[in-house]
Amino acid sequence: MNPAEKESGPSSGSQSEYGYGGYGGYGDSEGAAHRSFNDYLLILRERIWYIIVVFLVVFSSALVYTTNATRIYQSTATVQLLRDDPTVLQTQAVVDNQIRGAEDLNTQVKLLESANLINTVAERLTGDDLRQFLAPYQNGGENDPVSPHGILAGNRSIVPQRLSLVIAIQYRHPDRFIAAKVANYFVDEFINYNNRQRRDESFKAVDDLKVRAESQRQKVDELARELQDYREKNNMVSLDQRRDIVTDRLKALGMNLTQVSTALKEIEVRWNQLKQRNGDLVAISDLPFVAADPHIGSLKQQISAEKIAIAELQERYREKHPRMVEARRKLEQTERELSGAIRGVMNQISAQYEAARESLTEARNALSTQESESLALSRAAVAYDAKEREYIINKELHDHIVSRMRETSLGTSMDNQNARKIDLAQPSGEGGYISPNVMMNLGLGLVGGVGLGLAFAFFVAFIDDRVKSSFDIESVIGLPLIGIIPQIKKMDPVEKAQVVANNTDRQVAEAFLTLHSALRLKEESKNAKCILTTSTIPGEGKSFTTTNLALTFAAHGEKVVVVDCDLRKPNIHKTLQLENVKGVIDVIGGTSSLDEVVIKDVFPNMDVITTGGRAKNPTHVLNSRSFEQLIADLRKRYDRVFIDTPPLAAVSDAMIILPLVDGSLFTIFFNKVRRKAAQFAAKKLLESNVPVLGSVLNGLNLAVSGYYYAQYYDKSYKDYYVVVSKNEEGEER
């Protein structure tokens, strides 16, 4: 094979067909490895005894604990919270216990859970009750200082009932009678606590109200004295009466002023009419108010009568007649009386006019004086009213405080409960204990045992990093698995090296036939003439694989040669029982020719070249041009050249030879080499640009093959491995 062929062949196949993650579906596009569900099942199947042992330990522990645990009994008492306090009297409570929503309900629940309630219940536990209560918790005797408070807090449960104002108080104790008694104690103390709280707050409120009432009374007395002093100072003993008198006077004076003013206007009109007549008595007598005078009217009628009489007398008598004279004298006398009467009326009207004017002036002065007095009274009344209002307000406040104090004092003597008992706690039956819960404990033991067993199995799998599964080889190490060789027991190394030839182990022989078929499936492995076999560490069966694979190819008619290139610890000659006198070292050193070192027909179609001893400087020998020439000559003479090399982790001999071959096989011994080491060695092969034909798992333990390689080995296959022979009658068996 020329250099161009060697360079092109490895580079084209190492990354596409034999690269990491490119086989069996274990890798993805990013090259990341993922375990399948079956891989996890295989891990559990291999470590089933770990799971069983851990399960038995956990389940047994749960069973022992359940059997030996102290029985705990639980009793439940229920109490109903009242939305409003019972209404006996229409009085306002000092403490508002009304339940309006979830916050008020939760407040009552927190009171039931409070340390104060625990203390009151603890105080009720005395004498025999206390001894029975503490007995289960006395580890070293009755003298041990055990506090009931912590026990009460740890074993009490407050459970509000959904969509109701009912609360369940549960208590747990090894003594069922004590459990019921303590639960009832909690109910009693809860109700008593609310009552005490209400009474205490009421008493405190009464005391506060007394102080405020006394202070308010003193203030009212002081205001009363100030009001009285003001009355005396301003002559306002009876302000309302005096205010009424002044008001009545103002009204009377106002009415009088109106009347006087009206009368004056009427007299003034008459006076003006008199003045307009300029002393004309006749015209004055015609005025209505003058003519209406009875005396004047009588005189005027008398004058008219006398004039008529004179007129009649003139018809009989002359002017000088005594009767005429007498008649005229009477007429004149009557006219003088009329004039005197008219002047009397005029004087009367004048007097009335002056009197009316004086009365109007007096009325106005009196009204003005009364108005001034009223204004002064009003100004004094403003301050008086302010003082009186303050007095009234403070007196009403004092009366309200006293009334509230009496209501509160009355409420303290009444027992208004905001909760009532519904069901008292009753002792449970002998079999009514809640702990230990047998079914739950056994269920937890079952589930916990299985869970811990699985966890322990995965933990062991996690810390066990040896290569054993196809997932480890193909996904972690990154090489395709093309062959699996079963473990060979009770067979010496010589027989193992020739197991394919002598067919002493049919399964192993079939495994190599499978490996031979796998190598012939792909073009690169099918056409590979020179194949290198290596491993990670010594003892992984690389020489065993090399000789038996060569025997398999030879059995199929190909001319093969096995070259032992492990110049440090040669092994091929021992397993094949050959002399190691001349070999590779002699050819490279030029002391022998190739024909002289080849051991021909060790098996049909198979020759062997040993190392010829151990080399002092193996790398120098393998790097020589003579070694390259040796490989080239072998390619011309044989159909297949199998080269056995040292492990990769120990030395670099295999890496020196690798550029001269067409492909490499990587042997891995089951459950021996660690993943990191195998991965590191495989990485060297993959980075060499020489095709890695695949990996061969060696030494598979058939007892666990079903865990990891059920697809390769199964008990149902055993009939195919039976050696066919014939009985005496010639029938196959």
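Only a predicted model underlies this, so the values are computations on that prediction, with no experimental measurement involved.

### Some details on the overall build of the protein
In step 1: The helix and strand inventory of the protein stands at 28 helices and 12 strands.
In step 2: Counting across all 733 residues of the protein, residues that qualify as buried make up 42%.
In step 3: Restricting the contact set of the protein to residue pairs at least 6 apart, pairs at least 24 apart contribute 80%.
In step 4: In the structure as shown, the protein presents an accessible area of about 40100 Å², 51% of it carried by carbon and sulfur atoms.

### Description of the side chain of Thr546
In step 1: The residue Thr546 is located in helix 20 (residues 542–555) in this model.
In step 2: Given the relative accessible area of 1%, Thr546 is considered buried.
In step 3: Residue contacts for Thr546: discarding those within four places in its chain leaves Thr533, Val562, Phe642 and Asp644.

### Focus on the pattern of salt bridges
Two side chains bearing opposite charge may form a pair once their charged atoms approach each other closely.
In step 1: The tally for this structure, following the rule as stated, stands at 24 salt bridges.
In step 2: The shortest N-O distance in the salt bridge between Glu113 and Lys110 comes to 3.5 Å.
In step 3: When its relative accessible area of 30% is taken as the criterion, Glu113 is described as partly exposed.
In step 4: You can call Lys110 exposed: its relative accessible area is 56%.
In step 5: Salt-bridge contacts for Lys559 lead to Asp601; the nearest nitrogen and oxygen are separated by 3.8 Å. With Lys559 in the loop between helix 20 and strand 7 (560–564) and Asp601 in strand 8 (residues 599–603), the pair connects residues that are 42 residues apart, well separated along the chain.
In step 6: With a relative accessible area of 27%, Lys559 lands in the partly exposed category.
In step 7: Overall, the relative accessible area of 54% leaves Asp601 in the exposed class.
In step 8: One connected set of salt bridges, linked through shared partners, spans Arg124, Asp188, Glu189, Arg196 and Lys421.

### Thoughts on unusual backbone geometry
In step 1: Along the chain, Ser435 connects to Pro436 via a cis peptide bond; the corresponding omega equals 5 degrees.
In step 2: By secondary structure assignment, the location of Pro436 is in the loop between strand 4 (419–423) and helix 14 (438–463).

### Points about the environment of Ala366
In step 1: As for its position among the elements, Ala366 is in helix 13 (residues 322–412).
In step 2: The spatial distance from the C-alpha of Ala366 to the C-alpha of Asn256 is 10.0 Å, given a sequence separation of 110 residues.

### Remarks on the nonpolar core
In summary, soluble globular proteins display a tendency toward joint burial of nonpolar side chains.
In step 1: Counting 49 residues, the largest nonpolar core has Val563, Ile609, Phe627, Leu634 and Ile643 as the members making the most contacts within it.
In step 2: In terms of residues, this core owes the most to one element, helix 27 (residues 675–686), which gives five residues.
In step 3: When neighbours within four sequence positions are excluded, Leu634 is seen to be in contact with Val561, Val563, Leu594, Ile609 and Val641.

### Overview of the sheet that holds strand 2 (residues 156–160)
In step 1: Overall, antiparallel pairing links the four strands, which are arranged 2-3-1-4 in an open sheet. In this open sheet, the two edge strands, each paired with only one partner strand, are strand 2 and strand 4. Averaged over all pairs of adjacent strands, the angle between strand axes in this sheet comes to 30 degrees, irrespective of strand direction.

### So, helix 4 (residues 102–112)
In step 1: Residues of helix 4 that are buried include every one of Leu105, Gln108, Val109 and Leu112, and no others. Around the axis of helix 4, the buried residues are gathered within 100 degrees of arc, so they sit on the same side. Opposite the packed face of helix 4, turned more than 90 degrees from it, sit the exposed residues Glu103 and Lys110.
In step 2: Buried residues in helix 4 make contact with strand 1 (73–81), helix 5 (115–124), strand 2, strand 3 (166–173) and helix 8 (176–233).

### Comments concerning the UniProt feature "transmembrane region" (unreviewed entry) in the protein
In step 1: UniProt marks residues 48–66, 442–463, 648–670 and 690–710 with the feature "transmembrane region" (unreviewed entry), using the numbering shown here.
In step 2: Helix and strand shares over residues 442–463 are 100% and 0% respectively, and the end C-alpha atoms of the span are 31 Å apart.

### A word on the sheet that holds strand 11 (residues 663–669)
The strands that make up a sheet are held in pairs by hydrogen bonds between backbone atoms, and each pair lies either parallel or antiparallel.
In step 1: Ordered by their spatial adjacency, eight strands build an open sheet running 5-12-11-6-10-7-9-8, and the pairing between neighbours is mixed. Both outer strands of the open sheet, strand 5 (481–486) and strand 8, are each paired with one neighbouring strand and no more. Recorded for the sheet is a direction-independent mean angle of 25 degrees between the axes of neighbouring strands.
In step 2: Both strand 5 and strand 12 (residues 692–700) contribute to a ladder of four bridges, which runs parallel. What sits directly across from Gly483, in strand 12, is Val696.
In step 3: Together, strand 5, strand 11 and strand 12 form the strand contacts of helix 15 (residues 470–477), whose direction differs from that of strand 5 by roughly 150 degrees.
In step 4: Each of strand 6 (530–535), strand 7, strand 9 (606–609) and strand 10 (640–644) touches helix 25 (residues 625–637); the most contacted strand, strand 10, lies at about 145 degrees to it.

### Quick look at the packing of helix 3 (residues 48–68) against helix 14
Geometrically, a packed helix pair is captured by the angle between its two axes and the distance between the axes.
In step 1: The contact between helix 3 and helix 14 brings their axes to 7 Å, and the two run at 155 degrees. As the angle between them shows, helix 3 and helix 14 are arranged roughly antiparallel. Taken as a pair, helix 3 and helix 14 cross one another with a handedness that is right-handed.
In step 2: Residue composition of the contact of helix 3 with helix 14, by class: 18 nonpolar, six polar and no charged.

### Details of the packing of aromatic side chains
In step 1: Summed over all chains, the structure comprises nine aromatic pairs.
In step 2: Arranged with centres 5.6 Å apart and planes meeting at 70 degrees, the rings of Tyr50 and Phe456 form a pair that is edge-to-face. Here Phe456 lies in helix 14 and Tyr50 lies in helix 3, a separation of 406 residues in the sequence.
In step 3: Members of the aromatic cluster, joined through ring pairs, are Phe133, Tyr137, Tyr171 and Phe186.

### Quick word on a nonpolar patch on the surface
In step 1: A cluster of nonpolar side chains, contributed by Tyr50, Phe456, Phe459, Phe462 and Ile463, occupies part of the molecular surface with about 560 Å² of accessible area.
In step 2: Sort the elements by how many residues they give to the nonpolar patch and helix 14 lands first, with four residues.
In step 3: Relative to the helices and strands, Ile463 is located in helix 14.

### Quick look at the confidence of the model for the protein
In step 1: When pLDDT is averaged along the protein, the result is 82, and 86% of the positions lie at 70 or above.
In step 2: Here residues 1–32 is modelled with pLDDT under 50, and outside its nearest four sequence neighbours on either side it reaches 54 contacts, counting other chains as well.
In step 3: Contacts from residues 721–733, a stretch scored under 50 in pLDDT, to residues over four places away or in other chains number 14 contacts.

### Some remarks on the environment of Val467
In step 1: Structurally, Val467 can be placed in the loop between helix 14 and helix 15.
In step 2: You can call Val467 buried: its relative accessible area is 0%.
In step 3: Taking the C-alpha atoms as reference, Val467 lies 8.9 Å from Ile477; in sequence the two are 10 residues apart.
In step 4: Excluding anything up to four places from it in sequence, Val467 contacts Asp472, Ile473, Ile477, Ile668, Phe669, Phe670, Asn671, Lys672, Val673, Arg674, Arg675 and Ala678.

What counts, and where the lines are drawn
In this numbering scheme, every chain counts its residues from 1 along its sequence in written order. Totals for whole chains, interfaces and linings use every residue, but because this is a predicted model, local features are given only for residues with pLDDT of at least 70 and side-chain atom pairs only at 80 or more, for both listing and counting. Calculation of side-chain values draws on the structure's entire complement of heavy atoms; hydrogens and water are dropped beforehand. In this description a helix means any DSSP run of H or I spanning at least four residues, a strand means any run of E spanning at least two, and both kinds are numbered starting from the N terminus. Using a 1.4 Å probe on the protein chains alone, a residue whose accessible area is under 20% of its type maximum counts as buried, one over 50% counts as exposed, and one in between counts as partly exposed. Pairs of residues are marked as contacts when any of their non-hydrogen atoms sit within 4.5 Å. Each accessible area is a Shrake-Rupley result for a 1.4 Å probe, and residues are judged covered by the shown protein chains and nothing else. When a carboxyl oxygen of Asp or Glu lies within 4 Å of a side-chain nitrogen of Lys or Arg, that pair is called a salt bridge. What makes a nonpolar core is a set of buried Ala, Val, Leu, Ile, Met, Phe, Trp, Tyr and Cys residues whose side-chain atoms join them at distances within 4.5 Å. Here, any two strands with at least 2 DSSP bridges between them count as paired. Here the axes come from fitting lines to C-alpha atoms, over the contacting stretch only for helices, and the angles between their N-to-C directions go from 0 to 180 degrees. For this quantity, the arc is that covered by the directions from the helix axis to the C-beta atoms. UniProt positions are given in the numbering used here, feature names are shortened, and annotations may be inferred rather than shown by experiment. For classification purposes, an angle smaller than 35 degrees is called roughly parallel, one larger than 145 roughly antiparallel, one from 65 to 115 roughly perpendicular, and anything else oblique. Should the near helix be turned anticlockwise from the far one by less than a right angle, the crossing is termed left-handed; should it be turned clockwise, right-handed. In this classification, the charged set is Asp, Glu, Lys and Arg, the nonpolar set is Ala, Val, Leu, Ile, Met, Phe, Trp, Tyr, Cys and Pro, and all remaining amino acids, among them Gly, are polar. By convention, a stacked pair of Phe, Tyr or Trp rings (six-membered ring in the case of Trp) has centres within 6.5 Å and planes under 30 degrees apart, an edge-to-face pair has planes over 60 apart, and any other such pair is tilted. Put simply, a patch holds well-exposed residues, over 30% relative accessible area, that have no salt bridge, with like charges counted together within 9 Å and Val, Leu, Ile, Met, Phe, Trp or Tyr side chains within 5 Å. The pLDDT value expresses, per residue, how confident the predictor is, ranging between 0 and 100.

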